[in-house]
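Structural overview
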Amino acid sequence: MDHIAQRSLPTSLPNILTYGRIAAVPVLAGVLFFGMSDASRWVAFSIFVAACVTDWLDGYLARMWEQQSTLGRMLDPIADKLLVGATLLMLVYTDTIGGWSIWAALIILSREILVSGLREFLAELNVKIHVTQLAKWKTAVQFIALALLLAGPAAEDLIPGTTTAGVTLLWIAALLTLVTGYDYLKAGIRHAIGG
């Protein structure tokens, strides 16, 4: 009985890490909005990387300590989407993402909204779609791209081409996003027509 109560505890460490990732979103946005210096870029980069580490760590700890919870399953994808969406928005605001690359950001954002809607619809039908290995690769590429773009101008003196590498990976993430998003859409349409 105690074990079951502990697993669903809102204050378990995996859940606290997820809360921290959500709390990092306005902080990261504020750093980029109010600061345009190289130091601000490195602070934003550090916040983002720390948030990405918690994304992996909260799931790992929840499984290892058997502390998976309904709350954690609900908040984890929300935290990821908030982090990615806010970071993309602020990178466009700071002109780090511009020109044709805005379309890559738009594709990624549109997919996140599409998948959220489809998951909600499929949940009502008690249909679960498991995360594919390709979707995990998409997330990894996306996180690396955004981290490089956050460091971008500040990192160019240390590693020339950082921003270009970030933009290239952003486009790769956008293409992977189209493929993985199509899988969700196909499943949603199949169950909508079948239902």
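Reading guide: rules and limits
- Residues numbered from 1 in each chain as written.
- Predicted model: local features only at pLDDT ≥ 70, side-chain atom pairs only at ≥ 80, totals over all residues.
- Heavy atoms only, no water.
- Phe/Tyr/Trp six-rings, centres within 6.5 Å; stacked < 30°, edge-to-face > 60°.
- Helix = DSSP H or I, 4+ residues; strand = E, 2+ residues; numbered from the N terminus.
- Buried < 20%, exposed > 50% of the residue type's maximum accessible area, 1.4 Å probe, protein only.
- Axes fitted to C-alpha atoms, helices over the stretch in contact; angles between N-to-C directions.
- Parallel < 35°, antiparallel > 145°, perpendicular 65-115°, else oblique.
- Left-handed = near helix turned anticlockwise from the far one by under 90°.
- Nonpolar A, V, L, I, M, F, W, Y, C, P; charged D, E, K, R; others polar.
- Core = buried A, V, L, I, M, F, W, Y, C linked by side-chain atoms within 4.5 Å.
- Contact = heavy atoms within 4.5 Å.
- Patch = residues over 30% accessible without salt bridge, like charges linked within 9 Å, V, L, I, M, F, W, Y side chains within 5 Å.
- Areas by Shrake-Rupley, 256 points an atom, 1.4 Å probe, with all protein chains shown as cover.
- Salt bridge = Lys/Arg side-chain N within 4 Å of Asp/Glu carboxyl O.

**Comments concerning the packing of aromatic side chains**
In total, this model carries four aromatic pairs according to the counting rule given. Residues tryptophan 42 and phenylalanine 45 carry aromatic rings whose centres are separated by 5.6 Å and whose planes lie at 90 degrees to one another, so their mutual orientation is edge-to-face. Placement of the pair is tryptophan 42 and phenylalanine 45 together in helix H3 (residues 38-64), with a separation of three residues, close to one helical turn. Given the relative accessible area of 32%, tryptophan 42 is considered partly exposed. We classify phenylalanine 45 as partly exposed; its relative accessible area is 24%.

**Notes on the packing of helix H2 (residues 13-34) against H3**
Viewed as axis vectors pointing N to C, H2 and H3 meet at an angle of 165 degrees, and their least axial separation amounts to 9 Å. Taken together, H2 and H3 sit at an angle that is classed as roughly antiparallel. The two elements H2 and H3 meet at a crossing, and its hand is left-handed. For the contact of H2 with H3, the residue count by class is 16 nonpolar, three polar and four charged.

**Details of the nonpolar core**
Within the largest apolar cluster, 33 residues are counted, with the highest numbers of intra-cluster contacts made by Phe48, Leu88 and Leu170. Element by element, the count of residues in this core is highest for helix H6 (residues 133-155), at seven residues. Residue contacts for leucine 170: discarding those within four places in its chain leaves Leu88, Ile97, Ser101, Ala104, Ala105, Ile108, Ala145, Leu146 and Leu149.

**Considerations on the packing of H3 against H6**
Following both chains from N to C, one finds H3 and H6 inclined at 165 degrees, their axes separated by 8 Å at the closest point. Relative to H6, H3 is oriented roughly antiparallel. Read as a crossing pair, H3 and H6 show a hand that is left-handed. Residue-level inspection shows Asp38, Arg41, Trp42, Ala44, Phe45, Phe48, Val49, Cys52 and Asp55 of H3 in contact with H6, the latter providing Phe143, Leu146, Ala147, Leu149, Leu150, Ala151, Pro153, Ala154 and Ala155.

**With respect to the side chain of glutamine 142**
By secondary structure assignment, the location of glutamine 142 is in helix H6. Here glutamine 142 falls in the buried class, since its relative accessible area comes to 2%. Once residues within four sequence positions are removed from consideration, glutamine 142 is found in contact with Val84, Ile108, Glu112, Ala173 and Thr177.

**Brief notes about a nonpolar patch on the surface**
Side chains of Leu13, Ile16, Tyr19, Trp56, Tyr60, Met64 and Trp65 sit close together on the surface and give an oily, nonpolar patch of about 700 Å² of accessible area. Those elements that provide at least two residues to the nonpolar patch are H2 and H3. The residue tryptophan 56 is located in helix H3 in this model.

**Section: the pattern of salt bridges**
Pairs can form between side chains of opposite charge once their charged atoms are near each other. Here the structure, examined in full by the defined rule, presents six salt bridges. Between glutamate 112 and lysine 138 there is a salt bridge, with the nearest N and O atoms lying 3.5 Å from each other. Taken as a pair, glutamate 112 in helix H5 (residues 101-124) and lysine 138 in helix H6 lie far apart in primary sequence, 26 residues in all. Relative accessible area serves as the criterion here: at 3%, lysine 138 is assigned to the buried category. Linked by salt bridges that have partners in common, Arg21, Asp55, Asp76 and Asp80 make up one network.

In short, shape yes, function no, at least from these values alone.
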